[in-house]
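Okay, here's what each chain looks like letter by letter:
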Amino acid sequence: MTDKLLPEPLITDDTVVFGLLAFCLGFIFITSSLKRGFFKKFYYVVPAVLMCYLLPAILASCGVIAEKWHTVDKLGTVTEHSSRLYYMASHYLLPAALVLMTLSIDLKAIASLGSKALIMFLTGSLGIIIGGPIAILIVSIFSPESVGGNGFDAIWRGLSTIAGSWIGGGANQAAMYEIFKYTPDKYGGMVLVDIFVANVWMAIILLGVGKTERIDRWLKADTSSIEKLKIKVTKFTDSITRVPSLQDYMILLGLAFTAVGVSHFFGGHMSSYLKTTVAAVADPTNFLSFLGSSFFWMVIIATACGITFSFTKAKNYEGAGASKIGGMFIYILVATIGMKVDLGRILENPGLIAIGFIWISIHAGLMILVAKLIKAPYFFLAVGSQANVGGAASAPVVAAEFHPSLTSVGVLLAVFGYVVGTGGALLCAYLMEVASNF
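Figured I'd write up the structure that's included with this text. (Residues numbered from 1 in each chain as written. Predicted model: local features only at pLDDT ≥ 70, side-chain atom pairs only at ≥ 80, totals over all residues. Heavy atoms only, no water.)

Re the pattern of salt bridges
Across all of its chains, the model carries 1 salt bridge by this definition. Here Asp248 ties to Arg242 by a salt bridge, and the two come within 3.1 Å at their closest N and O atoms. Residue Asp248 is classed as buried on the basis of its relative accessible area, which comes to 8%. Among the residues examined, Arg242 registers a relative accessible area of 33% and is labelled partly exposed. (Salt bridge = Lys/Arg side-chain N within 4 Å of Asp/Glu carboxyl O. Buried < 20%, exposed > 50% of the residue type's maximum accessible area, 1.4 Å probe, protein only.)

Structure below.
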């Protein structure tokens, strides 16, 4: 599904690539902990988590590593290769992280955050739905060829997959691809826009995390409910904190990866069962088709396992560092996402990139406007946006940057994204079709 042959990188062995990514993460965390000198000033401006994306992206752009590539043999046969690291991180480490990070979740305290978190999430979805057609109309003024195309080559069909990704996630994106049958040879350009623009927006959000207090003052936001949640969780964590033993780590390993196995087993069976018994789920044109995604059920079941553990004594393992181990898994996922970004391909289709940036700007502008009107804290703006644009892989990362105790808020909002993703993307796609023919 790429529109050009991708060259073979310098390093193709996943074991070596994983070691290189681990080195990058270690380097970033060592340098970000320095109290003086160049790195202190550097990380004051550039968040460490952003560098966890950027360093792998730079390595991928320089041809050192790659998420996908092609080889051509002597007979001219083209073979596509791909790294399994992102699959490993998203299907093994992500669900484990969701379990460990929701192990000590306080649902009553999260409910006390009020309705503003959900309002900001839905505002983010609305921003994506209306942003696509508006972006097409704007770009058509100075670059009509960037929004044209006929039949299955029509640009709006490809953009529908971005809408699915930005409102929900990978499952919703795949549903849009199946529904609108965009030309496979050109699909790679849409993936590039999706990944690049979404990561630039995430970088901007992370830059704002360091200025949260200033932004909240401008928004005139009441952050008392967030502060109460942080204080409550911190007090609980402090009360159970202990020096972890090997036994603690092995029990955490057992809890997390047993839940991963359970989520894969039942997620796969749930997906297959619904596809074979419910016609609406099997139909990719139906908004319920996301229920046929095994990844969706994997995330749901892993999160449910973590929440279930929070009602037992297992929640005390937060004192042994459960969320910290989960955070480590998330950062590995972040690094593998960075591998997908080839900075050298940014200007291959400037018209598409322009659509992407105008689109995400409309989303951002609407989020800021509504946050200002309802006086929502920056935390709700940032996590509500990432629950849409980034999904389960990014929302917990952004939430954790505010405070580890808030990670579960990002997880729960990301789940809503899967629910509204296909329906919202379908509406966006039909509006983009109208805009393209305006």
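Let's talk about the packing of aromatic side chains
Tallied over the entire structure, the rule returns 14 aromatic pairs. Geometrically, the ring pair formed by Tyr87 and Tyr92 is edge-to-face, given 6.2 Å between the ring centres and 80° between the ring planes. A residue is classified by how much of its surface remains accessible, and Tyr87, at 32% relative accessible area, is partly exposed. Tyr92 gets classed as partly exposed once you look at its relative accessible area, which sits at 40%. (Phe/Tyr/Trp six-rings, centres within 6.5 Å; stacked < 30°, edge-to-face > 60°.)

Some details on the side chain of Thr212
Here Thr212 lies in helix α10 (residues 212-219). Those residues in contact with Thr212 that lie beyond four places of it in its chain are Tyr378 and Phe402. (Helix = DSSP H or I, 4+ residues; strand = E, 2+ residues; numbered from the N terminus. Contact = heavy atoms within 4.5 Å.)

Some thoughts on the environment of Leu431
Assignment of secondary structure puts Leu431 in helix α19 (residues 407-436). Since its relative accessible area comes to 35%, Leu431 is described here as partly exposed. Taking the C-alpha atoms as reference, Leu431 lies 8.0 Å from Gly132; in sequence the two are 299 residues apart. Not counting chain neighbours up to four residues away, the residues in contact with Leu431 comprise Ile129 and Pro133.

Concerning empty space enclosed by the protein
The gaps left among the atoms become clear once a water-sized probe is rolled over them. In total, this model carries 1 cavity of 30 Å³ or more according to the counting rule given. The calculated volume of the largest cavity comes to roughly 30 Å³. In this structure, the largest cavity is lined by Phe18, Leu21, Ala22, Leu25, Ile332 and Ala335. Breaking the lining of the largest cavity down by element, the ones donating at least two residues are α1 (14-32) and α15 (322-338). (1 Å grid on protein atoms, 1.4 Å probe; cavity = no way out; pocket = protein on both sides within 12 Å on 5 of 7 lines; lining within 4 Å. Points joined across faces, edges and corners; volume = space filled by probe spheres on them.)

Considerations on the layout of surface pockets
In this structure, the second largest pocket encloses a volume near 650 Å³. Along its surface, the second largest pocket is lined by 33 residues, and Met101, Ser323, Lys324, Gly327 and Pro404 are the ones closest to its centre. Going through the elements one at a time, α1, α11 (224-240), α15, α18 (395-402) and α19 are the ones with two or more residues in the lining of the second largest pocket. Top element by residues in the lining of the second largest pocket is α15. It accounts for 7 residues. Residues belonging to the lining of the second largest pocket are distributed by class as follows: 18 nonpolar, 10 polar and 5 charged. (Nonpolar A, V, L, I, M, F, W, Y, C, P; charged D, E, K, R; others polar.)

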